[in-house]
Structures are given as structure tokens and as C-alpha cells.
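Structural overview
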Amino acid sequence: MSDQLVVRGGTVVDGAGRRRADVLVREGRIAAVADGVGAEVAATAEVVDAGGAYVVPGGIDVHTHFALPVGAVTSADDFESGTLAAACGGTTCVVDFAGAGREPWHEALATWHDRARGRAVVDYGFHLTVTELPTDADAAAQRFSAFAEQGVTSVKLYLAYPDRLMVDDETLARALAASRRTGVRVCVHAEDGVRVEALTAGALAAGRTGPDAVPSVRPPSVEAEAIGRATALAGEVGAWLYVVHLSSEAGLHAVRTARAAGVDVHTETCPHYLHLDRSHLDAGDPDFVCAPPLRGPADRAALWAALAAGDVEVVATDHCPFTREDRRRGTGGAGWTDFTAIPGGLSGVETRLSLVYQGVVAGGLSLERWVDATSGAPARLFGLDGTKGAVRPGLDADLVVFDPGATRTLDASNLHSRSDHSPFAGMVVTGWPAATISRGEVVAVGGEPTGPRPGRGRFVRRAPLVLGRRVPGDRRPA
């Protein structure tokens, strides 16, 4: 591999807008961005001909679950297959959630480093799952500072799954106060776990045991209620808050209400909430079980509109697929007898850029919003904007040449996840990465890997939130 690379003849799109430009790369970093900048070195550099396609920053997926154990089964993709799939779909950095339950944080972080080291094809970072904190405020802040010293500047707390993950409001309040002091970001899985448990018990007592019961035991109201509680606590201490996998119009309303009250709240949605609906669950298909569940057409329309407006800032994936065999084995390993034992989660890390680009194809999403939602905003919000998320000199040369005219029929057979099915099977998409470049190395062409080395991906240390600094493009009232 040459230490110089030129991406020529493309239209660069990022937070600075769109412009015709070449991109010159030296030793894995962007050296220059200007029309004709590569002409003088083209004879000695590796050349990628963009051919008039878009040249965008590599995608950043800030919500993945690789090699996640869920009872007796484990999510289908580990860090090798998951990051390979990411590269083929134009994503050059992922942030995975470290921790599967209530294990000590240092044990969880060491385990996830072991799982990624020597396997990742593209760069990666970690969030830490937090299920408890010291009751002393100084001790809680010291623990968050210890996370930051390890390059991990975000945590996730669950308001659902009381058997293994859920925290109470007091723990969330301590986390938000520690976040305010240390700049470690707090993310929440916002579903009211107590109410979900009560609705689940009622459904099972009524003999409703199949996947069709899932939308009724996890309705939009449990998402909205949890967002309301979390944002109220964040507002009390003036803390930053991020709501993961927003799924409903009701949840969106709760986010907007909090912002109108001055709460510094941000949110993501996922491709499955933009493209799929609950009809798959109503038909009893266990391969579409996830939490929050798939919703209805009105929710999809509201999320697309909010994404276009920037009210939903990020599209991540919550990538956590299982094989069909493992779905049917259930979390107990001997076969599920009701929906509570179906391992939940869908794939998406490879298809995300193209699925979000369908909003551009339909005319509802601008090119700039597409790029920002899949790269720019994740970088800004999660402390990566000093190294990634834009086509700018000095940053890592994480680039995607995206062909807006390419078409592809999605199916597990032409994707790279180890899951044997795709929730988007049969969908024909327009627009697909022609080339993916990770730190100056071409790792995929035409959606296929070019022999990238497992282990070439690096752990990325992320910066803490700078308190009092307004994040560019945030949706709070001025």
C-alpha cells in the first residue's frame, strides 16, 4: 500500500457543504481537499477514481452489539464479521456497548477489548453499560473519570429489563450529576421497565405468548414515559442526555417537549424504525423481535420528518442480529415458549448508509442531512470530531465513494453478517458504496471486501464533553 492516495473526480459532501474536489491522503490522514490537488502526485500515489460519485466521510455507527451474550445464545456477529460488514457498507468506525449485565466495569471493558483486539477490520470505541454507582457523589464522579482515563467517554443506563440491567431513578440521577462534573456522556435505553413487566404479565395470563404480543407490552407510551422521567432528571442538574433507538412519535414528542424546556437532550433512530413496521410481528415472525418493537406507519413518517429537520440527529443501528436457529433456541437454549425468551435484535451495520440514503432518493432528506446523520453528528456528539466525521485536512482518511446510481436487492446472501437472514430482505435500494477507505486503506470495493486484515482496526480514545460548549447543530432553543 502506498503511503499516498488520491480520491479524484468526486463531489465531496460533509458539514462544509458539497463541492467538486479531490482528496489527497498521506500516511492515513487527509492532507488536502481541493479541485486538482492530486494531479501532481497521481503518478506515484494510489488513485481511486470517484467518477463523479459522492465522496463522504466514513460512516460512524455509535450503537452496535457485537458478540453479545444473551442467555444461552450470542449475537451472530463478532468484531471480525461485524466490522467487515460495516466496511462493506461504508462504515469505518463503530462504538460498541461493553457489558452484558452487572459485571464490574473494569471486567466488562477488559472483556470487550479482548473481543475486539486482533479482529476488528475498522476502528472502534466503547460505551460502558452502567448498572450501579456509588451513592457518594464524589465517588460516582471519580468512577466516571476513570472511564474517561480509559478513553471511554460515554455510558448507557437501562430503564428496562429489571432482571439484569434496569437502574432506578436515583442511580440515573447520580449518573447525570457525575456526567455534569466529568463530561462523560449519559445514554439511556428509554422504556419504563416496571410497566413493561406488568403488561407482559397481563399478556401471558391472557394466553398471548407469540411475537404478536410484543407491540402491546412495549407500547409507545412506555418509551415516552421513560424519556419524560430521564429528561426531567437531566434538566434538574443541567446534564447532557442521549436517547438511544427512538422508535415512536410519542417518544419524539417527549424529546421535543424536553428541548422546549431547555434540556440538553439528543437522540438517534435506527433504519428498522424508518423502513419496517409491526406487521411482521403481527404475523408472528420471531425474526423481527427487537426492543423497542417495530411500530406503525405514522411513527415511521414522524421519524423521517424529524430526521430531515434535524430533530433526530443520528441514525445508528442497534446491530444485534441472531441466526434463525438461535432465535428458535431462545435465551434458555431449549426453545422459547413465549415471547419473553426470544432473543431480540436486528441487523443493520452494513445496510445503514444506503437505507438512510433512500430518504435522499425520495426527496425528503438532503445530501447534507444524510451525511450528518450517519457520520458528522455521531462524531460531534461522541467526542470523535477531532479525528473523524468530516472530509477535512488533519482528520483520519476515513472516506466513502458513494455511487448514487448503484442498485442492490438486499438479502443475507449478498451481505456479510453471519446472520442467515436480513430484516430488509427483498428491498431494492438505490445508492451503494463503490469504495470504502479506512485510514487511507481501501478495505471494500463495490460492497465486497478487498482483503482487509482482521486486527487492522484500532481502538479510538474519545474526548469528554466540553461542558458549556454548544454542540454545533444541536436542537436546543437558543
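Scroll up to find the structure.
Notes on the structure in this doc start here. Treat the numbers as computed from the prediction; the structure is a model and nothing was measured. (Residues numbered from 1 in each chain as written. Predicted model: local features only at pLDDT ≥ 70, side-chain atom pairs only at ≥ 80, totals over all residues. Heavy atoms only, no water.)

Observations concerning the environment of Asp299
Operational definition: Strands are runs of DSSP state E lasting at least 2 residues, helices are runs of H or I lasting at least 4, and numbering of each runs from the N terminus. Partly exposed residues are those whose accessible area sits between 20% and 50% of the maximum for their type, while under 20% is buried and over 50% is exposed, using a 1.4 Å probe and protein chains only. Between N or O atoms, a polar contact is any pair within 3.5 Å; within protein, one atom must be a potential hydrogen donor and the other a potential acceptor, and residues adjacent in sequence are included only when both atoms are from side chains.
By the element assignment, Asp299 lies in helix α11 (residues 297-309). Look at Asp299 and you get buried, because its relative accessible area is 14%. In this structure the side chain of Asp299 is engaged in a polar contact, spanning 2.8 Å, whose partner is the backbone nitrogen of Glu249.

Re the nonpolar core
Note the cut-off: Take the buried residues of types Ala, Val, Leu, Ile, Met, Phe, Trp, Tyr and Cys, join any two whose side-chain atoms come within 4.5 Å, and each joined set is a nonpolar core. Only heavy atoms enter the contact rule, under which two residues are in contact if any of them lie within 4.5 Å.
With 96 residues, the main nonpolar core has Phe126, Phe144, Val155, Leu172, Val186 and Trp370 as its most contacted residues. Top element by residues in this core is helix α7 (residues 220-237). It accounts for 6 residues. Setting aside chain neighbours within four positions, we find Phe126 in contact with Phe79, Val95, Asp96, Ala98, Leu109, Trp112, His113, Ala116, Val152, Ser154, Phe459 and Arg462. Among the nonpolar cores identified, the runner-up in size contains 18 residues, and Val25, Ala50, Val391 and Ala435 belong to it.

Here's the deal with the environment of Ala67
The residue Ala67 is located in the loop between β6 (59-64) and β7 (69-70) in this model. When its relative accessible area of 14% is taken as the criterion, Ala67 is described as buried. Taking the C-alpha atoms as reference points, Ala67 and Ser81, 14 residues apart in sequence, are found 9.9 Å from one another. The contact partners of Ala67, leaving out residues within four places of it in the chain, are Thr74, Ser75, Asp77, Asp78 and Arg115.

Re helix α1 (residues 79-88)
Taking burial as the measure, the 10 residues of α1 include 8 buried ones, the bulk of the element. Every buried residue of α1 is listed here: Phe79, Ser81, Gly82, Thr83, Ala85, Ala86, Ala87 and Cys88. Two or three places before Glu80, at the start of α1, stands the capping residue Asp78, its side-chain oxygen 3.0 Å from that residue's backbone nitrogen.

Points about the pairing of strand β3 (residues 29-34)
Operational definition: At least two bridges found by DSSP between two strands are what make those strands a pair.
Across 5 bridges, strand β2 (residues 17-26) lies against β3 in antiparallel orientation. Looking across to β3, one finds that Asp22 is bridged to Ala34. The turn joining β2 and β3, which pair antiparallel and follow one another in sequence, is formed by 2 residues; a positive phi near 50° is taken by Glu27.

Comments concerning the pattern of salt bridges
Here is the rule: For salt bridges, the criterion is a side-chain nitrogen of Lys or Arg within 4 Å of an Asp or Glu carboxyl oxygen.
If you walk through the whole model with that rule in mind, you get 27 salt bridges. One salt bridge in this structure joins Arg195 and Glu225, with 3.3 Å as the shortest N-O distance. Of the two residues, Arg195 sits in helix α5 (residues 193-205) while Glu225 sits in helix α7, which places them 30 residues apart along the sequence. Given a relative accessible area of 31%, Arg195 falls into the partly exposed group. When the shortest N-O distance is used, the salt bridge between Asp372 and Arg380 registers 2.8 Å. Side by side, Asp372 and Arg380 carry an identical accessibility label, which is buried. It is possible to trace a salt-bridge network through shared partners that takes in Arg29, Asp123, Lys388, Asp396, Asp398 and Arg439.

Some words on unusual backbone geometry
Here the residue pair Ala291 and Pro292 is connected by a cis peptide bond, since its omega of -5° sits within 30 degrees of zero. Positioned with a positive phi, Glu27 is a non-glycine residue whose angle comes to about 50°. Mapped onto the fold, Glu27 is located in the loop between β2 and β3. One non-glycine residue, Asp318, adopts positive backbone phi at about 55°. Among the structural elements, Asp318 can be located in the loop between β15 (314-315) and α12 (324-329).

Structural notes on the packing of α5 against α7
To be explicit about the condition: Here, axes are lines fitted to C-alpha atoms. For helices the fit covers the stretch in contact, and angles between N-to-C directions go from 0 to 180 degrees. Note on angle classes: values under 35 degrees are labelled roughly parallel, values over 145 roughly antiparallel, values of 65 to 115 roughly perpendicular, and the remainder oblique. Here a crossing is taken to be left-handed if its near helix is turned anticlockwise relative to the far helix by less than a right angle, and right-handed if that turn runs clockwise. Charged residues are taken to be Asp, Glu, Lys and Arg, nonpolar residues to be Ala, Val, Leu, Ile, Met, Phe, Trp, Tyr, Cys and Pro, and polar residues to be all remaining types, Gly included.
Interhelical geometry of α5 versus α7 gives an angle of 160° and a closest axis separation of 9 Å. Between α5 and α7, the crossing angle belongs to the class labelled roughly antiparallel. Between α5 and α7 lies a crossing of right-handed hand. Contacts between α5 and α7 involve Arg195, Val196 and Leu199 from the former and Ser221, Val222 and Glu225 from the latter. In terms of residue class, the contact of α5 with α7 is built from 3 nonpolar, 1 polar and 2 charged.

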